[in-house]
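# Observations on the three-dimensional arrangement
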Amino acid sequence: MGASSGLGREVALALLKKGWRVGVAARRRAPLEELKKDFPLQVEVAEIDVVENCASTELLALVKRLGGMDLYFHSSGVGKQNPMLEEDVELSTVETNATGFTRMVGAAFRYMAAHGGGQIAVISSIAGTRGLGPAPSYSATKALQGNYIEALEQLSQNRQLGITFTDIRPGFVDTMLLKDTHYPMLMRPDRVARAIVKAIERHRHVVIIDWRYCLLVVFWRLVPRWFWRHFPLVR
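Residues numbered from 1 in each chain as written. Predicted model: local features only at pLDDT ≥ 70, side-chain atom pairs only at ≥ 80, totals over all residues. Heavy atoms only, no water.

Turning next to the pairing of strand β3 (residues 71-74). Both faces of β3 are covered, namely the face carrying L71 and F73 and the face carrying Y72 and H74. Sheet topology note: the β3/strand β4 (residues 118-123) ladder contains 4 bridges and is parallel. Bridging from a neighbouring strand, L71 pairs with Q119 of β4. Each parallel crossover has a hand, and the one from β3 via helix α4 (residues 87-114) to β4 is right-handed. (Buried < 20%, exposed > 50% of the residue type's maximum accessible area, 1.4 Å probe, protein only. Helix = DSSP H or I, 4+ residues; strand = E, 2+ residues; numbered from the N terminus. Pairing = 2+ DSSP bridges. Right-handed = clockwise from strand over helix to strand, strands pointing away.)

And the structure:
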C-alpha cells in the first residue's frame, strides 16, 4: 500500500526482483501500471485511497486476484512540518496516518486471522519517539502507528493467530515526501528499501534504519521532558 512512489515503490521493486508476486496499490494508478508493464506476470494493480471507506473492500478484492496474502506492507502516509498548526494540514495528516492506517492494517489483520496467519510490515518513523513541535500531527500519528502494531502483536499472540509484525522506523529518506526541504542525514531510497526487505525476511519486530538514527533515538529517549519542552527544533 503506497507503491506509487518513494519507499513503497522501492520495496515493491526489491520484492519483485526476488520473485515475489506483488499487489501494488496507491491513489495514483499510472505509476503502478508502469510496474505491471515491467513485471507483467508478477504484478496486480489496484487504485486505492486509504482515506476512503471502501478502501478495505478494495484491498480484499486485490488479495482475491492475487490468490491470497502472505505479507501486507503499508507505506502509505503523509508528513509535513506545520509549526503554525494549520488546521487542514493537521487533519489531513491524521486522516491518512491514523484513520487510513487503522483501516488498512485492520483489514489485513482480519484477513490473516481468518486465513492462517501472515506478516504485517509498516513504515512508521523515528518521529513517533517524541512529540515534535515542527510536525505535531505527524509525530503523534507515527506514535499511534507504533503502539497500534505493538497492540496487534500482543493480540495475535494471545489469540494464537500466527500473524507476525515488523515496525520499520526510518529517519529522513530522500523521497518526494521531503522534496524542497533541507534535512540532515538523508538516506538513499534504494539502500533503505534493501534494509527493509532484509528486516521483513528476518521477521524483525522493530527496526530503526541506519546506526546514526539508532543513536539519535537513544538520545531523544534520554532527554527529560522538562528539557525537551525547550529543545530548539523549530528554525
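Where helix α3 (residues 55-66) meets α4, the axes come as close as 9 Å, and the angle between the chain directions of the two elements is 45°. The angle between α3 and α4 places the two elements in the oblique class. The hand of the α3/α4 crossing is right-handed. For the pair α3 and α4, contact is made by A55, S56, L59, L60 and V63 and by R103, M104, A107, A108 and Y111, respectively. Its residues placed into classes, the contact of α3 with α4 shows 8 nonpolar, 1 polar and 1 charged. (Axes fitted to C-alpha atoms, helices over the stretch in contact; angles between N-to-C directions. Parallel < 35°, antiparallel > 145°, perpendicular 65-115°, else oblique. Left-handed = near helix turned anticlockwise from the far one by under 90°. Contact = heavy atoms within 4.5 Å. Nonpolar A, V, L, I, M, F, W, Y, C, P; charged D, E, K, R; others polar.)

Nothing here speaks to function; it is all geometry.
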